[in-house]
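Report on the structure
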Number of protein chains: 2
Amino acid sequence: MRVVVYGVGHIGSLVAKYAIKKGFEVVGAIDTDPNKVGKDLGVLVGIEERLGIIVSSDAESVIKSSRPDIVIHATSSWLDEVLPQIMIPVRYGIDVVSTCETLSYPYYRYPHLAELLDVYARRYGATILGTGINPGFLLDTLPALLTLPHINIDRVIARRFVNAGSRRYSFQYKIGLGLRPEEFRDKLARRELTGHVGYAESVMLMASIMNVKLDSVEEGQEPVIAGSNEYLRTKYFEIRPGHVKGIRGYGVGYVGGREFIRIEFHAVVGSKDYEEIEVLGEPRIKWVSTGTPGDEGTVAVLLNLAPKVVELEPGLKTMADLVRASYSFKG
Amino acid sequence: MRVVVYGVGHIGSLVAKYAIKKGFEVVGAIDTDPNKVGKDLGVLVGIEERLGIIVSSDAESVIKSSRPDIVIHATSSWLDEVLPQIMIPVRYGIDVVSTCETLSYPYYRYPHLAELLDVYARRYGATILGTGINPGFLLDTLPALLTLPHINIDRVIARRFVNAGSRRYSFQYKIGLGLRPEEFRDKLARRELTGHVGYAESVMLMASIMNVKLDSVEEGQEPVIAGSNEYLRTKYFEIRPGHVKGIRGYGVGYVGGREFIRIEFHAVVGSKDYEEIEVLGEPRIKWVSTGTPGDEGTVAVLLNLAPKVVELEPGLKTMADLVRASYSFKG
């Protein structure tokens, strides 16, 4: 399968590395970073072998000349920013699978762009899917499937805990490690930091697989503060007492005035890595994991779904098009 | 949604009860048991209210007169036995969701019947799905989805443990509780007892979702024997030392001469109830549950999937048509 990697940041580099390992044919690489443009992809992503793929900032000519089966896109979290990037392969009828968090359920934050993009993709015969480990799998698709053996459901709760201290620099940066709490809140408000993006998307995606109409959705995140005697240090940041050692965020979906879906993401230095998904109802069942690596998980989801995406009908898709088994409200 | 219940045994009765609770319109009931024919379904399944649905042994006239959207079928484990039953609604273009274990992946044990039934269903515009908690969900569909965040996989292991002592009579009977080991083996060989049916089907179904071709599949089950000082008693059986207190069975799928999929089912008096699913590879992740009730689980799977089945294209389907996200070998 012929693949173009769009975005050669941390995730894009991992995509390239593992794609080659898994037998994909990587036929092009796109990035706008002047430090990357003109370099050989193999050298850049550290597989210590020239691939003959030169990173280019000219997306259109890469797509036109390499004619991939699919573009694996990993640049930014916001659909309005990545839209022009995604339109390029789509215009050539080429499918796209993207890490863009807000694309995992685009009808929530960008309903009009989503509608336009769906028509555009159908017009050119291309399929688009936004996915990854979170949003895309752990706090939405997987909990939705886990509701299947339930006769009745009161509430679904899915939580992910990660040790922020063992994550890459850009992750630690985006969750504000080492900042004073007020700095964190300022930077978050100004979008200088993003924290985690996709709480509401996960809630909406889960609801969409379950075919339930939510009355409303809310989301939020806040810093987790180091205690008065807690001195912490990661590979990249020093955290003093009273400073940010992580974030915790949530998304909630309401039905009939009651909390029906709750998802939480806790990324704190020193935390244990695990997920827990509990479906309360008839019966009540809880599943707990030994933890899921975030970056490798996202890359695996992208690469594993690439062959499925090319088999889907054209249009803007979500994970709800790939996983259709869940609890059902309709009788 | 209009439903006919085909088979008013333990599972069929639960289906009727919960279907009404969930707002399905139960419009007919079929059973051949002379003790059930002619009785009101509501009284029979213990909802203490006449439903005006009289159990009939004439499947064809029930289907013809009640014109359901779907038939929920729960009679036997073997496709060759239930085939004539399933053909009746299909001939009228009516969809069927069935607990028949060997129908959950019919291409394994009955490849020719499956091929015929698929053409037959398409010819009449009906959809057929075999599913349930096991096979259908815990040891096949769910583990397949759990492989999605893996870059590489060496092996998938899924195990289900149930306390046989808390299950219904017919379950305890079919796993041979209280028998001498040699009696158990005799009765199993003569199909007087079935133990669990569907080990190989689960292995094949999981492989089919993952789109991997297995070299071979094997399955087996054996009695678990009470220890020399172990005197056990369930609501229905007495178990003396040296006698059968449960079964353990397995299904294994091989790829390249190595065990790639292993599923196990342990149903033993006094066991803890839980499932564990481990995917070994890159990364290695294990999920453990607090246990899934078997009968209620199967009924929930049937009722939750009924609205999805009627939306599928005609033909003989499996859970692989509803869950299409998993690890992928193809690069």
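The sections below set out a description of the structure shown in this document. Bear in mind that the values here come from a model prediction, so they are computed numbers and not experimental data.

**Here's the deal with the pairing of strand S4 (residues 95-98) of chain B**
Residues and elements named next belong to chain B. The alternating pattern of S4 places Asp 95 and Val 97 and Val 96 and Ser 98 on opposite faces, both of which are buried. As judged from the 4 bridges shared by strand S3 (residues 70-73) and S4, these two strands associate in the parallel manner. Following the sheet pairing, His 73 is matched in S4 by Ser 98. For the crossover from S3 across helix H4 (residues 79-91) to S4, the handedness is right-handed. The pairing of S4 with strand S5 (residues 127-130) spans 3 bridges and is classified as parallel. Each residue of the ladder has a partner; that of Val 97, found in S5, is Leu 129.

**Quick notes on the side chain of Arg160(A)**
Residues and elements named next belong to chain A. Here Arg 160 shows up in strand S6 (residues 152-163). Note on Arg 160: relative accessible area 2%, which makes it buried. One polar contact links Arg 160 to Glu 275, side chain to side chain, over a distance of 2.6 Å.

**Comments concerning unusual backbone geometry**
Here the residue pair Asn134(A) and Pro135(A) is connected by a cis peptide bond, since its omega of 0 degrees sits within 30 degrees of zero. Following the sequence through the fold, Pro135(A) ends up in the loop between strand S5 (127-130) and helix H7 (141-146). Its identity is not glycine, yet Arg191(B) carries a phi of approximately 60 degrees, on the positive side. Its relative accessible area of 45% is what places Arg191(B) among the partly exposed residues.

**As for the sheet that holds strand S11 (residues 258-268) of chain A**
Here we have 12 strands laid out as an open sheet, ordered S7(A)-S10(A)-S11(A)-S6(A)-S12(A)-S13(A)-S13(B)-S12(B)-S6(B)-S11(B)-S10(B)-S7(B), and mixed in their pairing. The two strands at the open ends of the sheet, each matched to only one other strand, are strand S7 (216-225) of chain A together with strand S7 (216-225) of chain B. Averaged over all neighbouring strand pairs, the angle between strand axes comes to 10 degrees, with direction disregarded. Bridge count for S6(A) against S11(A) is 8 bridges, and the pairing is parallel. Note on S11(A): the bridge partner recorded for Arg159(A) is Glu264(A). Taken strand by strand, helix H10 (residues 199-210) of chain A contacts S6, S7, strand S10 (244-255) and S11 of chain A, and its axis lies near 135 degrees from that of S11(A).

Cut-offs and rules
- Residues numbered from 1 in each chain as written.
- Chains lettered and ligands numbered in written order.
- Predicted model: local features only at pLDDT ≥ 70, side-chain atom pairs only at ≥ 80, totals over all residues.
- Heavy atoms only, no water.
- Buried < 20%, exposed > 50% of the residue type's maximum accessible area, 1.4 Å probe, protein only.
- Helix = DSSP H or I, 4+ residues; strand = E, 2+ residues; numbered from the N terminus.
- Pairing = 2+ DSSP bridges.
- Right-handed = clockwise from strand over helix to strand, strands pointing away.
- Polar contact = N/O pair within 3.5 Å; in protein donor to acceptor, adjacent residues only side chain to side chain.
- Axes fitted to C-alpha atoms, helices over the stretch in contact; angles between N-to-C directions.
- Contact = heavy atoms within 4.5 Å.

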